[in-house]
Amino acid sequence: MKAETETLVDEIKQALSLLRRHLDWDNAVKRLEELNAAAENPTLWDDPQRAQGLMQERQRLETQINTINGIERELSDNVELIELGEMEGDKTVVADAEAALKQLEADLGKKQIAALLSGEADANDCYVEIHSGAGGTESQDWASMLLRMYVRWAEQSGFKVSTIEYQDGEEAGIKSATIEVKGENAYGWLKTESGVHRLVRISPYDSQARRHTSFASIWVYPVIDDRIDIEINEGDCRIDTYRASGAGGQHVNTTDSAVRITHVPTGIVVACQNERSQHKNRATAWDMLRARLYEAELKKREEKAQAEADSKSDIGWGHQIRSYVLQPYQLVKDLRTGVESTAPDDVLDGELTPFMEASLAQRAYGTTADVADVE
């Protein structure tokens, strides 16, 4: 076997090892056996909601395990074909098998990302909160640009988006907004976007055309269902009602129907104004608070997750995860993974997937280098 082919085989084996490690292979196989046994129990569907959850978990595990087994079989089959072709002097067989290995390597990047979306709540819908930082109109305009960017990414990726809360800026842009993104793996894709985002540009609001730096924060958390029990002491919460505001149309409201809930022990604040009924907005706000508390618990379990206090840090210097520079040069750089784009207009138009893939890989494997070697 040629040295080049041996290197290719080693890289594919390394990628398989990473996939197995991320999936926790032995425990995953054992869990799938348990779920298969549960599926044969005739009493399973006595509780349809629980049964549906188990079947979804079973399907995800089965897909992940079959993906890894399929890659291993394809690798083994092509290595055998190369060895057989070399023994028989059949260059055509060798060339075809080598081409198949190169294609397998090319496909591994996408399969790795699919395997990375296997967290406890990754398959869920999610909420995305955008908050402007200090700086008035500049940061409020930047927050509205981020809102558009995430809506564009979601729509391009086949997700459905609805507005939950929207607060206009004083002169332009928004003070804050919350959207719900619905679709398979919505939370899994978006979860690494939480953090502070920094913009550098020539301000359209500065008559002297000076360069300004603006900040806005993103917070992403999963929508949860009744299978996940989150207890909230209502005595720990402060509930406020206010008049909804927005860009017009469905956001215009002439009554105090919008609801804001503050969870005093954690400082978590959620708000909803998308319904004209205060009762419906209150119910949605409670669901959002349960989701935020659940997401906070998920973060505590992750070794490399930021402490809860980080979410209350200043929206400004030293806390950003990504910089978007429009002047004097064109560059978007993720400060965690080092991934860059020299086309910020495309990024702001929703081209976010490369940044998300790198962040997912870093969270799973500790560095992006491990994955980059096999992509």
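Residues numbered from 1 in each chain as written. Predicted model: local features only at pLDDT ≥ 70, side-chain atom pairs only at ≥ 80, totals over all residues. Heavy atoms only, no water.

Identification of the protein as Peptide chain release factor 2 from Acuticoccus sediminis is taken from an unreviewed UniProt entry. According to the UniProt record, the Subcellular location (unreviewed entry) comment for the protein reads "Cytoplasm". As its UniProt record puts it under Function (unreviewed entry), the protein is described as follows: "Peptide chain release factor 2 directs the termination of translation in response to the peptide chain termination codons UGA and UAA." (UniProt positions renumbered as here; feature names shortened; annotations may be inferred.)

Asks: What's the story with the sheet that holds strand S6 (residues 237–242) in this structure? I'm lost.
Replies: Across a sheet, paired strands are connected by hydrogen bonds in the backbone, their directions being either parallel or antiparallel. Here we have three strands laid out as an open sheet, ordered S6-S7-S8, and antiparallel in their pairing. Looking at the sheet topology across the chains shown, the edges are occupied by S6 and strand S8 (268–272). Taking the axes of each pair of neighbouring strands and ignoring which way they run, one obtains an average angle of 15 degrees across the sheet. (Pairing = 2+ DSSP bridges. Helix = DSSP H or I, 4+ residues; strand = E, 2+ residues; numbered from the N terminus. Axes fitted to C-alpha atoms, helices over the stretch in contact; angles between N-to-C directions.)

Asks: What exactly am I supposed to notice about the pairing of strand S7 (residues 258–263) here?
Replies: Residues in a regular strand project their side chains so that they alternate between the two faces of the sheet. The buried fraction of S7 amounts to five of the six residues, a majority that puts the element mostly inside the structure. Pairing analysis gives six bridges linking S6 to S7, with the strands arranged antiparallel. In the sheet register, Asp240 faces S7, and the bridge partner there is Arg260. Here S7 runs beside S8; their pairing, made up of five bridges, is antiparallel. Considered in S8, the bridge of Thr262 is made with Val269. Adjacent in sequence and paired antiparallel, S7 and S8 are bridged by four residues, among which Gly267 carries a positive phi angle near 80 degrees. (Buried < 20%, exposed > 50% of the residue type's maximum accessible area, 1.4 Å probe, protein only.)

Asks: Even after reading the chapter, I still don't get the pattern of salt bridges, so can you show me in this structure?
Replies: In this structure the tally under the stated criterion is 17 salt bridges. Where Asp122 meets Lys191, a salt bridge forms, and the shortest distance between an N and an O atom there is 2.9 Å. Taken together, the residues span a long stretch of sequence, with Asp122 in the loop between helix H4 (91–116) and strand S1 (126–132) and Lys191 in the loop between helix H6 (186–190) and strand S4 (195–202) at a distance of 69 residues. Of the two residues, Asp122 and Lys191, both sit in the buried class. Note that Arg201 and Glu138 form a salt bridge whose closest N and O atoms lie 3.6 Å from each other. Placement of Arg201 in strand S4 and of Glu138 in helix H5 (residues 137–156) is noted, with a sequence separation of 63 residues between them. As far as the burial class goes, Arg201 and Glu138 line up, both buried. (Salt bridge = Lys/Arg side-chain N within 4 Å of Asp/Glu carboxyl O.)

Asks: Help me understand the packing of aromatic side chains, please; the structure alone is not making it clear to me.
Replies: Working definition: an aromatic ring pair is given by the centre-to-centre distance plus the angle between the planes. Tallied over the full model, the rule gives three aromatic pairs. Measuring from centroid to centroid gives 5.0 Å for Trp142 and Tyr324, while their planes differ by 65 degrees, and the two rings are edge-to-face. Note that Trp142 is positioned in helix H5 and Tyr324 in strand S9 (residues 320–325), a separation of 182 residues in sequence. Residue Trp142 is classed as buried on the basis of its relative accessible area of 0%. (Phe/Tyr/Trp six-rings, centres within 6.5 Å; stacked < 30°, edge-to-face > 60°.)

Asks: I keep staring at the packing of helix H1 (residues 3–23) against helix H3 (residues 48–88) and nothing clicks. Help me out?
Replies: The interhelical angle for the contact between H1 and H3, taken along N-to-C directions, is 165 degrees, at an axis separation of 11 Å. Here H1 lies roughly antiparallel to H3, going by the angle between them. Here the hand of the crossing between H1 and H3 comes out left-handed. Here Thr5, Val9, Ile12, Lys13, Leu16, Leu19, Arg20 and Leu23 of H1 lie close against H3, whose contacting residues are Leu61, Gln64, Ile65, Ile68, Ile71, Glu72, Leu75, Val79 and Ile82. Of the residues contributing to the contact of H1 with H3, the split by class is 12 nonpolar, two polar and three charged. (Parallel < 35°, antiparallel > 145°, perpendicular 65-115°, else oblique. Left-handed = near helix turned anticlockwise from the far one by under 90°. Contact = heavy atoms within 4.5 Å. Nonpolar A, V, L, I, M, F, W, Y, C, P; charged D, E, K, R; others polar.)

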